[in-house]
Amino acid sequence: MNIFYFYYGWSGGSDRHADAPRVKTQRSVICVSYFSGGDYSDMSWDFVVPVSLDDLLKSGAINQYVVQDVLSPKQLPSHLSSFKAALRSQGPVCILEHFDTMYSVLQHCRTVDLALKEDTLEFLIQVVRGLSVSLPSLLMSGTLSAADRKQQLNAVKMSVFLLCKLTENLESDSCRESIVTAPSKGRKKEKASGKGLQQWDSERERVLQCLTQLLQLDIRSLWNLSLVEEEFVSCVTFCCYKLLENPTIGHMKNKPTRDAIIHVLGVMVKKYNHMLGACVKVIQLLQHFEQLSSVCAQAVSSWSSEYGVKAIVGEIMREIGQKTSDELAREGSGVKAFSSFLSELSTLVPEAMIPNISVLLTHLEGESASMRVAVCEVLGEVLVRVLSGDKLDDSGRADRDRFLDTLQEHIHDAHSHVRARVLQVYSRIVNSKALPLCRYTEVMELAVGRLGDKSVLVCKSAIQLLAAFIAHNPYSCKLSSVDLKKPLEKETAKLKEMRENMSEKAPVAVISAADLWAAMEPEVSHTVRSHLEAGSDAEREEDDEEEEEGVQDRSDRDTAIQIAQYLRHNKYRQAVCLCARAHGLYPESPFFSALSDINQDALLSTLASLFKGPEENQASEPVASDQPPTPQKEGGKAEDEGKENELKKQEMLVQYLKDTESFALQVERAIAVINNMLYWKTTTVVQEAVQFCVTAREFSVADSVCGVRKMLPLVWSTDAAVKDAVVQAYRRLYLNPQGDSTRAKAQTLVESLSELMVDASLGTIQCLEEIVQEFFSNENALQASVVQVLWERFSGKRETSALHKRAAVLLLGMAARAEREVVLSNLDTLCSVALGEKVTEDYLLARDTVITITNITDHVRQSKGVPFRLPVDHHLFSCLTQAIADGVVLSDPHWQTFMEQAIRLVYFLAESPDKLCARLLQRSARLLLEQVTEGGEPNQSQMSEGSQDSEQQVSCVSLAQLLSLCGAVAFWQVSHLERSVSTELRRRRGEKEEKEKGPVGKNKDANDSCVEEELGLTGASAEDTEAEFIRKICETELLADGNMLSVFLPLLVKVCSSPGRYSHTQLTTAACLALSQYMMISPTVCKDNIRLLFTVLAKSSLPVVRANTIIALGDLTVRFPNILEPWTPNLYARLCDENASVRLTAITVLTQLVLKDVMKVKGQVSEVAVLLLDPEPHITSLALNFFNELSAKDNAIYNLLPDIISRLSDPERGMKEEDFNTIMKQLFSYITKERQTESLVEKLCQRFRTAKTERQWVDLAVSLSLLSMCERGFKKLQECWDCYSDKLAEDAVYQPLLSIMAKLRRRAKPQFKAQVEEFEKKLTVVHTKGLENVENEEREQQLEEQTHSEKTQTPLPKSARRPTRGRGKSRMDESDLVTPKKSRARSKKIITFSSDEGEDEEDAVMTENETPKVTTPISRTRRTRLRH
């Protein structure tokens, strides 16, 4: 063997470079001679995995490998070819010879071509795979020599080192390339860069697979004592962690690479003692890469479950648990990563987290909300996945209860995000049925309380939790708390009775006989000893004689019982004496057989057996304290056990009913709150509320129909998401029925919709039309069956109630909106069933039938083209006129609504409705006259007062109904002219113009039409002519002498103007409404009767009349705004009406008029502000809504505020200070602009000058304090000092101004803060000393300063001093001290308030004998004719 010498020992860079040529030559010679023959058996050097790449260029320990030849980039291709040839011939161990070549590639990695690096990577993969193939046989043989072991070890370390480092470099290049070539918005990546990146993505997985294949082998045996060096482990793991730092590693496309990395690291953790390093690295990755939280959780889960390293979960949890609040605050995004990591890990391995969960609980008391969320989610996963079910042991139940208590505490966490997530955790627990039954009521009560949370997210989560409770409740939700109350009381009384019966039969005390004997045994033993050691026989004989008197007549059993009784009554001496005598009296008795030899032990044993009874009963049966020690009889034992079982069952039943009642109460509370949340402005909350109502309805919860009906108006919502949620909810509840056949499904659908429509309001029915119409508009197999079932119900083929019959006909009308033939082809059926001879029996069915027929008209369907109308002699109209006329002389309360809908239908569907209605009025009047005539004859012979009263009553009702009919005809006649007739005129004109248009006409009138188009006159003149034509008809023809309507106008005026004579409520109400409808016809009629209508409004004693009059005047204001404008204050006056319904109507009407710009807003709006304090909550909410909507208009409230303050602070009104402050606080909340605040400060300060009382000063000061004062406002407050400074002596004025300074000082900058403090001192001085005293002190101080300056100055000649003396006063004049008069006398700039300009308009409130003459014209567009 040849011995070669290696020269090492370079101590520094200079020595190394000095000896480099020599060493290089020697080393190269040695290597060539060593490897030339391919013999690697004499391996005397070791390869040490370096920390950095350059460490291999430096000499280290003895026999340590050092790179000698770093090739240049030009030399690399040829050497790689040599390496490729060596790899083929020598196998993977050729890396020992060609390591320097591979190392050179790493050194020049940034400069060499990508193809060269790819070739190098491929060679290294082949080397590692070759080692993975060759090593198993070598390791299994067990005959590996030390040299061979070192050779294989060096090959493994070299190849793994090179592969890992090259992988790191390629990964860095890939990330750098992706960043540089990242496409901007709208651009694509370059093809070359994308291709290279894609190739590396595919190669990454191959590298990891070959590493895994090698590391899974038992290569640890290659190291001494199987201790793998830390550098080797770090080399592999560092490469893996480098790959994990890729931003796209979490994407789905990289899942194979991600799994491969986790697999490699799992091998390192399990086989190479990398657990602690992995824990530290996971924490570091989470701190710096938030996106890796899910990847790290998957990795830790895999290492724990697949590789069996369960301790790593606890280690990482402890590391996170030991983080302090300060450390977490510094982490930034790391906290979110920790939170996500823990949450994700709990879903993967909840069992492994339980032993160390206590270290995380400390974060629940910390400041980090994210960590609190994570811990709560971990607890939730553990409760759902591990600590659930009935098979938990005591320890598991204790942990479960402790975790649930912790979660309950954080339902009220300070952070809204934590509260929301805890509620979501509870939703998961409830959905998984992991919540104990005993906690249902408690948690549900907490959830109901969170419905009022300020956070929208918390409210949503609370709704979801309550829906989960309803969906998974163990109780019967169908019963309400009211229905459960009686059964609960009944069963509770029964339970009480059973307990009383059991207590009477129960023994006084049940004590074990053995326990009693053990307690008395010392004393009995002492008595026996005393008896046996008695001093004389005479004493024994005396005792024996006492016992013999009653023993001779007893049996042995009676004697035994007597002894036991003596013992129980603490008569130990008698018991001992009797027992001692008993053996002599009953020698053969089994009770006393042990007393053949009388001694202490025998006596004690006999007494114990007599007292405790037979030995077999000692351990199992307690002995009653009043029973003898005779054998127990078990005759009633079974009966007692049966009663005890019944008692337990009854207790369970009562507890179940109590829990059910509590649950039902919570559900009712939740439904009441969530129903109100349906109209929130937050879309997501409304969607959750809708889903809750659907869930409650699906599980048949009591009162759930209320929520379903309440959400129905949301189909008109402008928010598409809300509207879609409601439509989907109704489709899910009612339009997707369950059944075996189409017929069964149709019946189910009709029954569910009918139930919803029973007792539904008209608004609810209109909303439901939108949903049902959509159902019939779309092609559906159920449509024909549903229509058939509805007709069967309506016609009476199927027995149904009157309510369901009405619901059926309304549903048919909804279907007719989508398909007219559904109703049009069955008009005869509708007339015969609902409008025939029996129409007077059910006017509600007739009304709903008329509504259904109305749905086939053009007005409802909004169809264009030739209008669809029926002839006047159609059977439908004869039925309608007959039903209306016959009902006039009846007193049916539902005739009114039927009549209104019938007249509407006549004008919508008849060809000549005016003629038809004229005949109807004539016929109805004739019937009324006939009734009066027929009723008058018998009353003349019967002069009974009561009969006369009843006759008058019937006549009043009939007359009221006739007047209502007149009003309806007048209203719909005007509507018919302005809508139907006007539309038809436009349609005919359009058709005529289309026909007249032709080639000749176009050329002839081209120039004229162009001029008209430029002037905007095309079609305008024709429309104006048509409008004028209709207006003329309304003014001249409708109430002409020959028209039937004109006959009733004098009667209406007479009834309305004579309330004393016509005092009948219904008659007065009908007359007022009919008069207002007549006034809609023309301005002339309106002017003639407007004062009468306002007189009725002011003086009528009937609230319903006043309320109806307000509505009528609102319609008249829309139609004739110029006529009604002077009467506006009279409308506002009704806001102070004593009746709540009148105030409600007034605020509703005025809100519509003001917000639609029909009525000009004036100072009378202060009456609306007063309603903010109305005792009726609904009125208060309407007033609040009025100001909320008004605030959306530019400067509306800002312009009105000064006038509102003046009116509310008027001494004559006498408003309380608290009420004034409440109103102003709400109104000033709408002032948000700095310029508005500045201007209001000036206006309010100027009002101090005109304020006459102290109360007005106080109100102005309070109003100033309610403003969000800014720096500009403060300056304006300083400028207006003269306005309020003389009022500061009043404490009620001074305190609000002082509060303004406090607010300004809190958020002021230092310079501005000094100004505020100086002004505050000025306020305080004036308040304490008075304005005059302060001004006098200031003048005296100025005088002293001036005098002092004159004394110190050099005297000037008289000629020089004279001009100065002329400019400034040296002495005080008395007139100068009268500051207030002086300041008021000075000429000031006159300030005009926009709100003050209309104060003189209060004269518009006219007396009875005065009618407003001056009106303010209000321009109206053509659209403001008649609004419905």
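So, a few notes on the structure that sits alongside this text. This is a predicted model, so every value here is computed, not measured.

## What to know about the overall build of the protein chain
Then, in step 1: Per the secondary structure count, the protein chain includes 64 helices and two strands.
Then, in step 2: Counting over 1428 residues, the protein chain shows a buried share of 46%.
Then, in step 3: Pairs at least 24 residues apart make up 74% of the contacts formed inside the protein chain by residues separated by at least 6 positions.
Then, in step 4: Roughly 73400 Å² of accessible area belongs to the protein chain as shown, and the carbon and sulfur atoms make up 50% of that amount.

## Quick look at the packing of aromatic side chains
Between two aromatic rings, the relevant description is the distance of the centres plus the angle of the planes.
Then, in step 1: Tallying each qualifying case throughout the model produces 20 aromatic pairs.
Then, in step 2: Pairing Phe971 with Trp972 gives two aromatic rings, centres 5.3 Å apart and planes at 85°, and the pair type is edge-to-face. We note that Phe971, like Trp972, is buried.
Then, in step 3: Relative to Phe1312, the ring of Phe1274 has its centre 5.3 Å away and its plane inclined at 85°; by these criteria the two rings are edge-to-face. Highlighted residues: Phe1274 in helix H58 (residues 1271-1279) and Phe1312 in helix H61 (residues 1310-1329), separated in sequence by 38 residues.

## A few points about the environment of Val789
Then, in step 1: Mapping Val789 onto the fold places it in helix H32 (residues 783-795).
Then, in step 2: Each C-alpha atom of the pair Val789 and Ala808 lies 8.7 Å from the other, and the pair is 19 residues apart in sequence.

## Some thoughts on unusual backbone geometry
Then, in step 1: Phi angles above zero are rare outside glycine, and Asn273 is one such case at about 60°.
Then, in step 2: Along the chain, Asn273 falls in the loop between helix H8 (255-271) and helix H9 (275-288).
Then, in step 3: When its relative accessible area of 72% is taken as the criterion, Asn273 is described as exposed.

## A look at the packing of H9 against helix H10 (residues 293-305)
Then, in step 1: The N-to-C vectors of H9 and H10 enclose an angle of 165°; their axes lie 10 Å apart at closest approach. Taken as axis vectors, H9 and H10 run roughly antiparallel relative to one another. For the element pair H9 and H10, the recorded crossing hand is left-handed. Judged by residue contacts, Ala278, Val282, Leu285 and Leu286 of H9 engage Ser293, Cys296, Val300 and Trp303 from H10.
Then, in step 2: The class makeup of the residues in the contact of H9 with H10 is seven nonpolar, one polar and no charged.

## Some details on the pattern of salt bridges
Then, in step 1: Counting across every chain of the model gives 38 salt bridges.
Then, in step 2: A salt bridge links Arg1031 to Glu1028, with the nearest nitrogen and oxygen atoms 2.0 Å apart. Placement of the pair is Arg1031 and Glu1028 together in helix H44 (residues 1020-1037), with a separation of three residues, close to one helical turn.
Then, in step 3: Among the residues examined, Glu1028 registers a relative accessible area of 39% and is labelled partly exposed.
Then, in step 4: The shortest N-O distance in the salt bridge between Glu1242 and Lys1276 comes to 3.9 Å. With a gap of 34 residues between them, Glu1242 in helix H56 (residues 1234-1250) and Lys1276 in helix H58 connect regions that are remote in the sequence.
Then, in step 5: Residue Glu1242 is classed as partly exposed on the basis of its relative accessible area of 26%.
Then, in step 6: Linked through salt bridges whose partners overlap, the residues forming this network are Glu381, Arg385 and Arg428.

## Describing the nonpolar core
Then, in step 1: Core analysis: the largest hydrophobic core is formed by 381 residues, its most contacted members being Trp303, Ile312, Phe341, Leu835, Phe898, Ile903 and Tyr1284.
Then, in step 2: Other than its neighbours up to four places away in sequence, Phe898 contacts Leu835, Tyr843, Ala846, Arg847, Val850, Leu880, Ala883 and Ile884.
Then, in step 3: The next biggest cluster of nonpolar side chains, apart from the first, holds 26 residues, and it includes Val524, Tyr566, Ala575 and Leu603.

## Describing the environment of Ala1146
Then, in step 1: One can find Ala1146 in helix H51 (residues 1140-1155).
Then, in step 2: As for Ala1146 and Ile1111, which are separated by 35 residues in sequence, their C-alpha atoms are 7.9 Å apart.
Then, in step 3: Discounting residues that sit within four places of it in the chain, Ala1146 has contacts with Ile1110, Arg1134 and Leu1135.

## Regarding the side chain of Asp1137
Then, in step 1: Within the element layout of this structure, Asp1137 appears in the loop between helix H50 (1128-1133) and H51.
Then, in step 2: Separated by 2.6 Å, the side chains of Asp1137 and Arg1134 make a polar contact.
Then, in step 3: Side-chain polar atoms of Asp1137 contact the backbone nitrogen of Asn1139, separated by 2.8 Å.

## Let's talk about a positive patch on the surface
Then, in step 1: A contiguous patch of positive charge on the surface is contributed by Lys1225, Lys1303, Arg1306 and Arg1307.
Then, in step 2: Positionally, Arg1306 belongs in helix H60 (residues 1291-1306).
Then, in step 3: When its relative accessible area of 67% is taken as the criterion, Arg1306 is described as exposed.

## Some words on helix H36 (residues 843-854)
Then, in step 1: Here H36 is twelve residues long and its end C-alpha atoms lie 16 Å apart, about the 16 Å a rise of 1.5 Å per residue gives.
Then, in step 2: Taken across its twelve residues, H36 has twelve buried, putting it largely inside the fold.
Then, in step 3: What H36 keeps buried is the set Tyr843, Leu844, Leu845, Ala846, Arg847, Asp848, Thr849, Val850, Ile851, Thr852, Ile853 and Thr854.
Then, in step 4: Where H36 starts, the residue carrying a side-chain oxygen 3.3 Å from the main-chain nitrogen of Leu844 turns out to be Asp842.

## Some thoughts on helix H2 (residues 76-90)
Then, in step 1: The end-to-end C-alpha separation of H2 is 20 Å, in line with the 21 Å expected for 15 residues at 1.5 Å each.
Then, in step 2: Within the span of H2, buried status applies to Leu76, Leu80, Phe83, Ala86 and Leu87. Buried residues of H2, seen end-on, are gathered within an arc of 120° and therefore sit on one face of the element. Exposed residues pointing more than 90 degrees away from the buried face of H2 are listed as Arg88 and Ser89.
Then, in step 3: Check the buried side of H2 and you find it contacts helix H3 (99-107) and helix H4 (114-141).
Then, in step 4: With its phi angle positive at about 90°, Gly91 sits one or two positions after the end of H2.

## Quick word on the environment of Val686
Then, in step 1: With respect to the helices and strands, the residue Val686 is situated in helix H27 (residues 683-698).
Then, in step 2: Under the relative-accessibility criterion, Val686 is labelled buried at 2%.
Then, in step 3: Once the C-alpha coordinates of Val686 and Leu714 are considered, the two residues, 28 residues apart in sequence, prove to be 9.6 Å apart.
Then, in step 4: In this structure, Val686 is in contact with Met677, Leu678, Trp680, Leu714 and Val722, ignoring residues within four places of it in sequence.

## Focus: the packing of H32 against helix H33 (residues 802-818)
A packed helix pair is summarised by two numbers, namely the angle formed by the two axes and the spacing between the axes.
Then, in step 1: Direction vectors running N to C along H32 and H33 enclose 140°, while the axes themselves pass 8 Å from each other. Between H32 and H33, the angle is such that the two are oblique. Between H32 and H33 the crossing geometry is left-handed. Where H32 abuts H33, its residues Val787, Leu790, Trp791, Arg793 and Phe794 lie against His804, Lys805, Ala808, Val809, Leu811 and Leu812.
Then, in step 2: For the contact of H32 with H33, the per-class residue count stands at eight nonpolar, one polar and two charged.

## Here's the deal with the side chain of Thr857
Then, in step 1: Tracing the chain through its elements places Thr857 in the loop between H36 and helix H37 (858-861).
Then, in step 2: Among the polar contacts listed, one links the side chain of Thr857 to the backbone oxygen of Thr854, at a separation of 2.6 Å.

Quick notes on the rules
Residues numbered from 1 in each chain as written. Predicted model: local features only at pLDDT ≥ 70, side-chain atom pairs only at ≥ 80, totals over all residues. Heavy atoms only, no water. Helix = DSSP H or I, 4+ residues; strand = E, 2+ residues; numbered from the N terminus. Buried < 20%, exposed > 50% of the residue type's maximum accessible area, 1.4 Å probe, protein only. Contact = heavy atoms within 4.5 Å. Areas by Shrake-Rupley, 256 points an atom, 1.4 Å probe, with all protein chains shown as cover. Phe/Tyr/Trp six-rings, centres within 6.5 Å; stacked < 30°, edge-to-face > 60°. Axes fitted to C-alpha atoms, helices over the stretch in contact; angles between N-to-C directions. Parallel < 35°, antiparallel > 145°, perpendicular 65-115°, else oblique. Left-handed = near helix turned anticlockwise from the far one by under 90°. Nonpolar A, V, L, I, M, F, W, Y, C, P; charged D, E, K, R; others polar. Salt bridge = Lys/Arg side-chain N within 4 Å of Asp/Glu carboxyl O. Core = buried A, V, L, I, M, F, W, Y, C linked by side-chain atoms within 4.5 Å. Polar contact = N/O pair within 3.5 Å; in protein donor to acceptor, adjacent residues only side chain to side chain. Patch = residues over 30% accessible without salt bridge, like charges linked within 9 Å, V, L, I, M, F, W, Y side chains within 5 Å. Lys, Arg positive; Asp, Glu negative; His and termini not counted. Charge placed at Lys NZ, Arg CZ, Asp CG, Glu CD. Expected span 1.5 Å × (residues − 1). Arc of directions from axis to C-beta.

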